[in-house]
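# Close look at the chain arrangement
Chain residues, written in single-letter form:
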Amino acid sequence: MKKLYLVRHAKSSWKEEGITDFDRPLKGRGIRDAHTTAQWLQKQEEAPELMISSPATRAMHTALIFAQELQYPFSEIHIEANLYHGERDDILQALAKLDNSIQSVFLFGHNPTLTNFVNHCIDHIIDNVPTTGVACLKFDSKDWSALGQEAELVFFDYPKRRKKK
């Protein structure tokens with residue numbers, strides 16, 4: 001079994017003019033949401049064996065916050081350029097390179113790619129993976145390069161959902 005945690009970057013800021021989409025930073029709410037989501041995952045005893053991130057500033061900052069909260073070494077976050085403006089196949093290609101001894105991966109990226117990926121793998125539709133949303137998928141596979149199209153949605157969580165409870 002392979003577990004894939006798809007994490008959409010936290011809320012970013014559009015406040016600063018002249019900054020490219022790639023370089024947009026997180027806003028205060030995004031930073032808080034990233035910390036609380038990572039802390040929630042830690043309480044659920046969810047931990048990554050590997051973290052992979054888009055190189056965009058907002059995705060990397062989210063990954064760094066999760067790494068801090070989950071005691072994952074910053075220097076071991078893998079950066080995959082194709083995850084920025086990537087498609088489903090870019091996620092699959094990033095995963096196909098992984099050593100099969102790894103069972104759980106946190107992947108930090110963007111919409112609409114993450115929502116599309118989740119919806120392609122499960123038997124119902126999630127309208128949107130919101131900022132700092134986490135969808136955990138379990139694949140019945142021993143090989144990252146042979147992931148099927150079907151996965152079990154273990155959980156889907158995001159900050160506003162936890163605030164409603």
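Everything in this summary refers to the structure shown in the same document. Since we're looking at a predicted model, the values are computed, not measured.

As a further point, take the packing of aromatic side chains. Scanning all chains against the criterion turns up seven aromatic pairs. Ring centres of Trp-40 and Phe-155 lie 5.5 Å apart, and the angle between their planes is 80 degrees; on these two criteria the pair is classed as edge-to-face. You can see Trp-40 sitting in helix α1 (residues 28-43) and its partner Phe-155 sitting in strand β6 (residues 152-157), a full 115 residues away along the chain. Here Trp-40 falls in the partly exposed class, since its relative accessible area comes to 21%. Look at Phe-155 and you get buried, because its relative accessible area is 15%. Ring plane angle 75 degrees and centroid distance 5.2 Å describe the contact between Phe-66 and Phe-108, whose orientation is recorded as edge-to-face. In this pair, Phe-66 sits in helix α2 (residues 57-69) while Phe-108 sits in strand β4 (residues 104-109), placing the two residues 42 residues apart along the sequence. Across the pair, Phe-108 and Phe-66 agree in class, each one buried. Through pairs of rings, three or more aromatic residues link up here, namely Tyr-5, Trp-40, Phe-66, Phe-106, Phe-108 and Phe-155. Its guanidinium or amino end placed over the ring of Trp-14, Arg-24 lies 3.7 Å from that ring's centre, counting from NZ or CZ.

At a closest axis distance of 9 Å, the pairing of α1 and α2 adopts a crossing angle of 40 degrees. Judged on the interaxial angle alone, α2 and α1 are oblique. Of the two elements, α1 crosses α2, and the hand of that crossing is right-handed. Each of Ile-31, Ala-34, His-35, Thr-37, Ala-38, Gln-39, Leu-41 and Gln-42 in α1 lies in contact with α2, whose residues at this interface are His-61, Thr-62, Ile-65, Phe-66, Gln-68 and Glu-69.

Definitions and limits used
- Residues numbered from 1 in each chain as written.
- Predicted model: local features only at pLDDT ≥ 70, side-chain atom pairs only at ≥ 80, totals over all residues.
- Heavy atoms only, no water.
- Phe/Tyr/Trp six-rings, centres within 6.5 Å; stacked < 30°, edge-to-face > 60°.
- Helix = DSSP H or I, 4+ residues; strand = E, 2+ residues; numbered from the N terminus.
- Buried < 20%, exposed > 50% of the residue type's maximum accessible area, 1.4 Å probe, protein only.
- Lys NZ or Arg CZ within 6 Å of the ring centre and 35° of its normal.
- Axes fitted to C-alpha atoms, helices over the stretch in contact; angles between N-to-C directions.
- Parallel < 35°, antiparallel > 145°, perpendicular 65-115°, else oblique.
- Left-handed = near helix turned anticlockwise from the far one by under 90°.
- Contact = heavy atoms within 4.5 Å.

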